[in-house]
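Listed here are the chains, written in short residue letters.
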Amino acid sequence: MKYGIVIVSHSSKIAAGVKDLISQAAPDLSITTAGGTDEDEIGSSLEKIQAAVDNNTGDEILAFYDLGSSKMNLEMLMEMTDKTIHKYDVALVEGAYTAATLAQVDTPLTEIEKNLQPLIIK
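An unreviewed UniProt entry lists the protein chain under the name phosphoenolpyruvate--glycerone phosphotransferase, with Companilactobacillus pabuli given as the organism. The record held by UniProt for the protein chain lists under Catalytic activity (unreviewed entry) the comment "dihydroxyacetone + phosphoenolpyruvate = dihydroxyacetone phosphate + pyruvate". Recorded in UniProt for the protein chain, the comment headed Subunit (unreviewed entry) runs: "Homodimer. The dihydroxyacetone kinase complex is composed of a homodimer of DhaM, a homodimer of DhaK and the subunit DhaL."

Structural data, given as structure tokens:
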């Protein structure tokens, strides 16, 4: 599959919930998550984001996050990895769902990004 989805949240439950939701609409995509700190508290973990990217089988990653340090850690990882990661500053649930449903049917990236434009909030 050309695209994979990575969900980064301060909460492991939110990350898992978004994955559950979008997996229904995009069962063929690789969807991985990084939720909470290494101690499974509320927060962000560079190591968890690294694992989510490493374990994702998509040729390119479409990445979605919730809050500031999730974005910061995701951007830090983007500088450290050879994988192609597209980060979107959109509403987490709506953005990930939109991208996943379009990626499921092999929509070109330019069209996926056009559909994400109205969801930009950050």
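Don't stop here, the text continues.
A. A look at the nonpolar core. Membership of the largest hydrophobic core comes to 22 residues, with the highest contact counts inside it found for I5, I7, I22, L62, F64 and I112. Mapped by element, the contributors of at least two residues to this core are β1 (3-9), α1 (12-25), β3 (60-65), α4 (92-104) and α5 (109-116). The greatest single-element share of this core, amounting to six residues, is contributed by α4. Look past the residues within four positions of I7 in its chain and what remains in contact with it is A15, V18, I22, T32, T33, A34, F64, L92 and A96.

B. Looking closely at the UniProt feature "domain: PTS EIIA type-4" (unreviewed entry) in the protein chain. Residues annotated by UniProt as "domain: PTS EIIA type-4" (unreviewed entry) correspond here to residues 2-122. With 47% helix and 20% strand, residues 2-122 has its two end C-alpha atoms placed 26 Å apart.

C. Broad picture of the pairing of strand β4 (residues 84-88). Bridge analysis of β3 against β4 gives five bridges, and the strand direction is parallel. Each bridged residue has a counterpart across the sheet, and for E60 the counterpart in β4 is T84. Once the chain exits β3 it traverses helix α3 (residues 68-80) before rejoining the sheet at β4, and the crossover so formed is right-handed.

D. The side chain of D66, seen in detail. Along the polypeptide, D66 turns up in the loop between β3 and α3. Judged by relative accessible area, D66 falls into the buried class, the value being 15%. From its side chain, D66 meets the backbone nitrogen of H10 in a polar contact 2.8 Å long. At a separation of 3.2 Å, a polar atom in the side chain of D66 contacts the side chain of S70. The residues touching D66, leaving out its near neighbours within four places in the chain, are V8, S9, H10, S11, L92 and K122.

Calculation rules
Counting of residues starts from 1 at the beginning of each chain's written sequence and follows it residue by residue. At least 70 in pLDDT is required for a residue's local features to be given in this predicted model, at least 80 for side-chain atom pairs to be given and counted, and no such filter applies to totals for whole chains, interfaces and linings, which use all residues. For the side-chain quantities, the full set of heavy atoms in the structure was used; hydrogens and water were omitted. UniProt positions are given in the numbering used here, feature names are shortened, and annotations may be inferred rather than shown by experiment. In these notes, a set of buried Ala, Val, Leu, Ile, Met, Phe, Trp, Tyr and Cys residues joined through side-chain atoms within 4.5 Å is what counts as a nonpolar core. In this scheme, a residue with accessible area under 20% of its type's maximum is buried, one over 50% is exposed, and one in between is partly exposed, where area comes from a 1.4 Å probe on protein chains only. To qualify as a helix, a DSSP run of H or I must reach at least 4 residues; to qualify as a strand, a run of E must reach at least 2; elements of each kind are numbered from the N terminus. Whether two residues are in contact is decided by their heavy atoms: any pair within 4.5 Å suffices. Here the rule is simple: two strands pair whenever DSSP picks up at least two bridges between them. We call a crossover right-handed when, viewed with the strands running away from us, the connection from the first strand over the helix to the second turns clockwise. N or O atoms within 3.5 Å of each other form a polar contact, as long as, within protein, one can give a hydrogen and the other can take it, and as long as residues adjacent in sequence are counted only when both atoms are side-chain atoms.

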